[in-house]
Amino acid sequence: MCIDYLQFNIYYPELLSIFYLREHTMQAIILSAGQGKRLGKLTEATPKCLLEINDKSILELQLNTLQSCGVERIHVVVGFAAEKVDKMIRRKFSSSLVDTIYNPFYATSENLISCWLATPCMDSDFLLLNGDTLFEQTLLQRVIQSAVHPITVSIDQKETYDPDDMKIISKDNNILQIGKNIAPEETTGESIGLHLFKKQGAALFKSALDKIVRQDKANQLWYLSVINRLSNIVPVGTCNIQGLNWTEIDYPEDLKLAKFWGKEWNASPTRPNTQLV
């Protein structure tokens, strides 16, 4: 049987991601150790990842979307109010699907340390995502299907960029530089906090984390600074998700927007039937 993959991708995008995952064991790492202080009273006792979007927490929505796209194992790095996150996961998800990794340094470090604590899980292809990024199922499917580089950074584009955006400079779908300090006029996009590492990229990222964590002030670094360094060694590609729905939740107004778009985040936690008739 001859398959027109262009047409197949249009009509059955979720099945292409399943076919990819049948050939590649895919894991995911979610960085959810932070408190989310910029959300004020909302996170005084509740970690950001457990804030609810209508009737489901941010983390639960992420886990459902990952599971719906065929990810078989998910590791959640926790820190602030870790026992509350553990309780939710035990109540709603199988231990064979989701486990947690505790970061005791969450209050005094940036997310590079959380990443480093998860390096034992980086032994196969894996997705890495920030614990405050929500995205629709179709977006994740696009990232999984389009990734051809050892490391792929999901990006969006807009007319203007602010100082807090994790900005990029790219050429021909390859990252040249990534960081918050890039001048807006040089910026070609922003990272949305969702990345895919294939075998070579996973090994290089893991090795680089092990080296950098031994340096002074490593606790003040973001993991994207490691990807920035690796872009000089190995091709770091981009997946442009412009036009698809995603949001990063940093402030109360972000939470309100996420609730307004509520239906966009509701992926079915079960895999689609992959039998073709």
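Residues numbered from 1 in each chain as written. Predicted model: local features only at pLDDT ≥ 70, side-chain atom pairs only at ≥ 80, totals over all residues. Heavy atoms only, no water.

Visitor: Quick question: what am I supposed to make of the overall build of the protein chain here?
Guide: Helices and strands together make up the secondary structure of the protein chain, namely nine helices and 13 strands. Residues classed as buried in the protein chain amount to 53% of the 277 residues present. Accessible surface, the protein chain: about 13,500 Å² in total, of which carbon and sulfur atoms supply 50%. (Helix = DSSP H or I, 4+ residues; strand = E, 2+ residues; numbered from the N terminus. Buried < 20%, exposed > 50% of the residue type's maximum accessible area, 1.4 Å probe, protein only. Areas by Shrake-Rupley, 256 points an atom, 1.4 Å probe, with all protein chains shown as cover.)

Visitor: Could you clarify how one ought to interpret the nonpolar core in this entry?
Guide: In summary, soluble globular proteins display a tendency toward joint burial of nonpolar side chains. Formed by 35 residues in total, the largest nonpolar core has its most connected members in L59, L66, I74, V76, L127, L139 and L194. Listed by contribution, the elements that provide at least two residues to this core are β1 (27-32), α3 (58-68), β4 (73-78), α4 (82-92), β6 (126-130), α6 (137-146) and β11 (189-197). Apart from residues no more than four positions distant in its own chain, L194 is found in contact with L127, L128, L129, F135, L139, L140, V143, T152, V153 and S154. Judged by nonpolar contacts, the second largest core, of 34 residues, contains I29, I168, F197 and L230. (Core = buried A, V, L, I, M, F, W, Y, C linked by side-chain atoms within 4.5 Å. Contact = heavy atoms within 4.5 Å.)

Visitor: Please explain the confidence of the model for the protein chain as it appears in this structure.
Guide: The predicted model of the protein chain has a mean per-residue pLDDT of 89, with 88% of residues at 70 or higher. Of the regions scoring below 50 in pLDDT, residues 1-22 engages in 38 contacts with residues more than four places distant in sequence or in other chains. Taken as a whole, residues 270-277 scores under 50 in pLDDT and shows 17 contacts with residues more than four places along the chain or in a different chain. (pLDDT = per-residue confidence, 0-100.)

Visitor: Whenever I open this one, the layout of surface pockets confuses me. Can you help?
Guide: It is the rolling of a water-molecule-sized probe over the atoms that shows where space remains empty. In this model, the largest pocket occupies a volume close to 1,000 Å³. Among the secondary structure elements, those contributing two or more residues to the lining of the largest pocket are β1, α5 (111-117), β11 and β13 (246-248). In terms of residue class, the lining of the largest pocket is built from eleven nonpolar, 13 polar and eleven charged. The space that makes up the second largest pocket amounts to roughly 370 Å³. If you trace the second largest pocket, you find 18 residues lining it, with K158, D165, W246, E248 and D254 closest to the centre. For the lining of the second largest pocket, the class distribution of residues is five nonpolar, three polar and ten charged. (1 Å grid on protein atoms, 1.4 Å probe; cavity = no way out; pocket = protein on both sides within 12 Å on 5 of 7 lines; lining within 4 Å. Points joined across faces, edges and corners; volume = space filled by probe spheres on them. Nonpolar A, V, L, I, M, F, W, Y, C, P; charged D, E, K, R; others polar.)

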